Amino acid sequence: MANSMKDSDPDTQVTYDDQQKINQFARNNAKLQDLKDELENKKKELQNLEDACDEMLMVEDESLVPYPIGEVFVSLGVDSANEMLEKAKENTMEEMKGLEQQCEAIQTLLQDLKVKLYAKFGNNIKLEADEE
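Once a new chain begins, its residue numbering starts again from 1 and follows that chain's sequence as written. Local features in this predicted model are restricted to residues whose pLDDT is 70 or higher, and side-chain atom pairs enter the listing and the counts only when it is 80 or higher, whereas totals over whole chains, interfaces and linings include all residues. Based on all heavy atoms of the structure, the side-chain values leave hydrogens and waters out of the count.

Under the annotation held in an unreviewed UniProt entry, the protein chain carries the name Prefoldin subunit 4 and is attributed to Magallana gigas. UniProt positions are given in the numbering used here, feature names are shortened, and annotations may be inferred rather than shown by experiment. According to the UniProt record, the Subunit (unreviewed entry) comment for the protein chain is "Heterohexamer of two PFD-alpha type and four PFD-beta type subunits." Check the Function (unreviewed entry) section of the UniProt entry for the protein chain; it says "Binds specifically to cytosolic chaperonin (c-CPN) and transfers target proteins to it. Binds to nascent polypeptide chain and promotes folding in an environment in which there are many competing pathways for nonnative proteins."

The structure is reproduced here in structure tokens:
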């Protein structure tokens, strides 16, 4: 019992290095949240592309379909539109893989910083996000 009280000493001094670690944790935690939001948007985009591919199956082969390129719609044949959709799906999946790798790297860094900061400050520091 005495050891646990000693570990969470409320008079622990915050050094410059400790403050840098806390700041690094905060920056990386915010970046992780941004990456997770971006990943969620990419998942929605991928679902929309898959839905578009499914809709393309119901279109007659000889008709033209509007395909968005930037802010304009271009009329394309069904085969061309299908090719463009498949390329867009592949690009989105590649972007998602990159985002997931970035998230994993940041999570590893955050875990390392948590260990160091909790070792020094114990219960006097809160590094966990509030669940809403």
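Following the structure, the description resumes.
Trainee: Describe the nonpolar core, with residues and values.
Mentor: As used here, the term nonpolar core means buried Ala, Val, Leu, Ile, Met, Phe, Trp, Tyr and Cys residues forming a set that is joined through side-chain atoms within 4.5 Å. The classification of residues rests on relative accessible area computed with a 1.4 Å probe and restricted to protein chains. Under 20% of the type maximum is buried, over 50% is exposed, and intermediate values are partly exposed. Core analysis: the biggest nonpolar cluster contains 15 residues, and Phe25 and Leu117 have the highest contact counts within it. To qualify as a helix, a DSSP run of H or I must reach at least 4 residues; to qualify as a strand, a run of E must reach at least 2; elements of each kind are numbered from the N terminus. Those elements that place two or more of their residues in this core are helix 2 (16–56) and helix 3 (78–121). The dominant element in this core, judged by the number of residues it contributes, is helix 3, at eight residues. Whether two residues are in contact is decided by their heavy atoms, any of which lying within 4.5 Å being enough. In contact with leucine 117, not counting residues within four places along its chain, are Asp18, Lys21, Ile22, Phe25, Gly122, Ile125 and Leu127.

Trainee: Please set out the packing of helix 2 against helix 3 residue by residue, giving values where relevant.
Mentor: Two elements in contact, helix 2 and helix 3, have axes whose closest approach is 8 Å; the angle formed by their N-to-C orientations is 160°. The angle between the axes of helix 2 and helix 3 places the two elements in the roughly antiparallel class. The two elements helix 2 and helix 3 cross, and the hand of that crossing is left-handed. When the residues that make up the contact of helix 2 with helix 3 are grouped by side-chain class, the tally is 24 nonpolar, seven polar and 16 charged. Working convention: axes come from line fits to C-alpha atoms, limited for helices to the stretch in contact. Angles between N-to-C directions cover 0 to 180 degrees. Under this scheme an angle from 65 to 115 degrees is roughly perpendicular, one under 35 degrees roughly parallel, and one over 145 degrees roughly antiparallel; angles in between are oblique. Handedness of a crossing follows from how the near helix is turned relative to the far one, being left-handed for an anticlockwise turn of less than a right angle and right-handed for a clockwise one. Classes in brief: Ala, Val, Leu, Ile, Met, Phe, Trp, Tyr, Cys and Pro nonpolar; Asp, Glu, Lys and Arg charged; the others, Gly included, polar.

Trainee: Please set out a negative patch on the surface residue by residue, giving values where relevant.
Mentor: The grouping of Glu60, Asp61, Glu62, Asp79 and Glu83 at the surface amounts to a negative patch. Among the secondary structure elements, aspartate 79 is positioned in helix 3. Without a salt bridge and with relative accessible area above 30%, a residue can belong to a patch; like charges are then joined within 9 Å and nonpolar side chains (Val, Leu, Ile, Met, Phe, Trp, Tyr) within 5 Å. Computed with the Shrake-Rupley method and a 1.4 Å probe, the accessible areas treat only the protein chains shown as cover for residues. By salt bridge we mean one thing: a side-chain nitrogen of Lys or Arg within 4 Å of a carboxyl oxygen of Asp or Glu. Within this scheme the basic residues Lys and Arg register as positive and the acidic residues Asp and Glu register as negative, but His and the chain ends are omitted. Charged groups are reduced to one reference atom each: NZ for lysine, CZ for arginine, CG for aspartic acid, CD for glutamic acid.

Trainee: Describe the pattern of salt bridges, listing the residues and the values that go with them.
Mentor: According to the stated counting rule, one finds six salt bridges in the structure shown. Lysine 120 is the partner of aspartate 18 in a salt bridge, and the nearest nitrogen-oxygen pair spans 2.5 Å. Residue aspartate 18 is located in helix 2, and its partner lysine 120 is located in helix 3; the two are separated by 102 residues in the primary sequence. The class of aspartate 18 is buried, set by a relative accessible area of 7%. Its salt-bridge partner being aspartate 112, residue lysine 116 comes within 3.3 Å of it at the nearest N-O pair.

Trainee: Which residues make up helix 2, and what values do they have?
Mentor: Between its first and last C-alpha atoms helix 2 spans 59 Å; for 41 residues at 1.5 Å apiece the expected length is 60 Å, and the two agree. Every buried residue of helix 2 is listed here: Asp18, Phe25, Asn28, Leu32, Leu35, Leu39, Lys42, Leu46, Leu49, Cys53 and Met56. By this rule the span expected of a helix is its residue count minus one, scaled by 1.5 Å.

Trainee: Tell me about the confidence of the model for the protein chain, residues and numbers included.
Mentor: Across the protein chain, the average pLDDT comes to 88, with 89% of residues at or above 70. Confidence of the prediction at every residue is given by pLDDT, a number between 0 and 100. A low-confidence stretch, residues 1–7 (pLDDT under 50), is modelled with two contacts involving residues beyond four sequence positions or located in other chains.

Trainee: Got a sec to walk through the pairing of strand 2 (residues 72–77)? Specific residues and values, please.
Mentor: Across six bridges, the pairing between strand 1 (residues 64–69) and strand 2 is antiparallel. Among the inter-strand pairings, proline 68 is bridged to a residue of strand 2, identified as phenylalanine 73. Strands were regarded as paired on the criterion that DSSP finds at least two bridges between them. What sits between strand 1 and strand 2 in their antiparallel hairpin is a turn of two residues, with glycine 70 showing a positive phi close to 70°.

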